[in-house]
Amino acid sequence: MTDTSEAVPAIRPDYPEPLWIQAVNLILDEINSGVLKPGMRLPPERELCAQLNISRVTLRKALGKLVEDGILSASHGRGWYVAQAPTNKEWPNSLESFSETAARMGLVPSSTVLRAESKPASLDEAEELSIAPGTPLFHLERIRRLNDVPIALDVTRLPLSVAPDVVNADFAVDSLYEKLGAAGVEPLRADATIEAKGADASLAAELDVEVGAPVLVMRQMVVNSLERPIFVSTITYAGDRYRLRTYFARSPR
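Residues numbered from 1 in each chain as written. Predicted model: local features only at pLDDT ≥ 70, side-chain atom pairs only at ≥ 80, totals over all residues. Heavy atoms only, no water.

Caption draft 1: Summary view of unusual backbone geometry. With phi around 60°, Asp-208 is a residue other than glycine that occupies positive phi space. In the Ramachandran plot, Glu-227 falls in the positive-phi region, its phi being about 65° despite a non-glycine side chain. Residue position: Glu-227 is located in the loop between β8 (214-223) and β9 (229-238). Overall, the relative accessible area of 43% leaves Glu-227 in the partly exposed class. (Helix = DSSP H or I, 4+ residues; strand = E, 2+ residues; numbered from the N terminus. Buried < 20%, exposed > 50% of the residue type's maximum accessible area, 1.4 Å probe, protein only.)

In structure tokens, the structure reads:
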């Protein structure tokens, strides 16, 4: 199915199974045999229709069923993809780094660095972090991935004095929490708020989701044992790839 010159098992109109179900089974055979691997894009619809000798309506019914079953995923304007292997998408309610979360899940973390630079803090930034205006502030923006799947856009700001060596780090692979630890800084607690929004065009492109798709925006202030701010971050998660585990308890009466 990945090459139009290859012989593809024919869909038989005289079979009792509907054509779209036969198409579903043929695509599943390609996935189960390893010809189509997780993350791979299927051939264009026109090519698939020619290979399977079915109409586009029939093909889309088959593809829709595979999406519904979690076998395929659709990306508007980009095509149909074999879904990644399912993962435990649950985040803890304890404070841990993205790398630590990935290790706990048995996944491989990676990042694309969009920005890593130091600039003087504005009045608003200085007030937020309880520092003087003009204090050097390190700005770090990354697309965070698990097993190459984009999970979130992470925008972080911290006073450069907290960990001066961050300017030399390669945050495509390095962990901010490890750099803080090397500087003798231990995050104690994060005060966070989470709200749901729709992805705009820029964010949708970064996270490979549809424009308007639900995202979860978590804004957090991380403090040390003296309750002093270490850094602030805004992490925007793809809504279908993030789930926070937490708990609530009633106070004694």
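And the narrative resumes.
Caption draft 2: Focus on the packing of aromatic side chains. In the structure shown here, the tally under the stated rule is two aromatic pairs. Relative to Phe-171, the ring of Phe-138 lies with its centre 6.1 Å away and its plane at 45°, an arrangement referred to as tilted. Within this pair, whereas Phe-138 is found in strand β5 (residues 136-146), its partner Phe-171 is found in the loop between β6 (149-159) and α6 (176-182), the two being separated by 33 residues in sequence. The class of Phe-138 is buried, set by a relative accessible area of 2%. (Phe/Tyr/Trp six-rings, centres within 6.5 Å; stacked < 30°, edge-to-face > 60°.)

Caption draft 3: Up close: the packing of helix α1 (residues 19-32) against helix α3 (residues 56-68). Where α1 meets α3, the closest approach of the two axes is 8 Å, and the angle between their N-to-C directions is 55°. Compared by their axis directions, α1 and α3 come out oblique. Crossing handedness for the pair α1 and α3: right-handed. Where α1 abuts α3, its residues Leu-19, Trp-20, Ala-23, Val-24, Ile-27 and Leu-28 lie against Thr-58, Lys-61, Ala-62, Leu-63, Lys-65 and Leu-66. Grouping the constituent residues of the contact of α1 with α3 by class yields nine nonpolar, one polar and two charged. (Axes fitted to C-alpha atoms, helices over the stretch in contact; angles between N-to-C directions. Parallel < 35°, antiparallel > 145°, perpendicular 65-115°, else oblique. Left-handed = near helix turned anticlockwise from the far one by under 90°. Contact = heavy atoms within 4.5 Å. Nonpolar A, V, L, I, M, F, W, Y, C, P; charged D, E, K, R; others polar.)

Caption draft 4: Here's a closer look at the side chain of Arg-142. Tracing the sequence through the fold places Arg-142 in strand β5. What Arg-142 contacts, discounting residues up to four positions off in sequence, is Ser-111, Thr-112, Val-113, Leu-114, Ala-152, Leu-153, Asp-154, Phe-171, Asp-174 and Leu-176.

Caption draft 5: The arrangement of the environment of Ser-225 in detail. Of note, Ser-225 is situated in the loop between β8 and β9. For Ser-225, a relative accessible area of 59% gives the class exposed. Spatially, the C-alpha atoms of Ser-225 and Pro-187 are 7.4 Å apart, while their sequence positions differ by 38 residues.

Caption draft 6: Local environment of helix α4 (residues 98-105). Turning to α4, its buried residues number three or more, namely Phe-98, Thr-101, Ala-102 and Met-105. Relative to the axis of α4, the buried residues are bounded by an arc of 100° and lie together on one face. Gly-106, located one to two residues past α4, shows a positive phi value of around 75°. (Arc of directions from axis to C-beta.)

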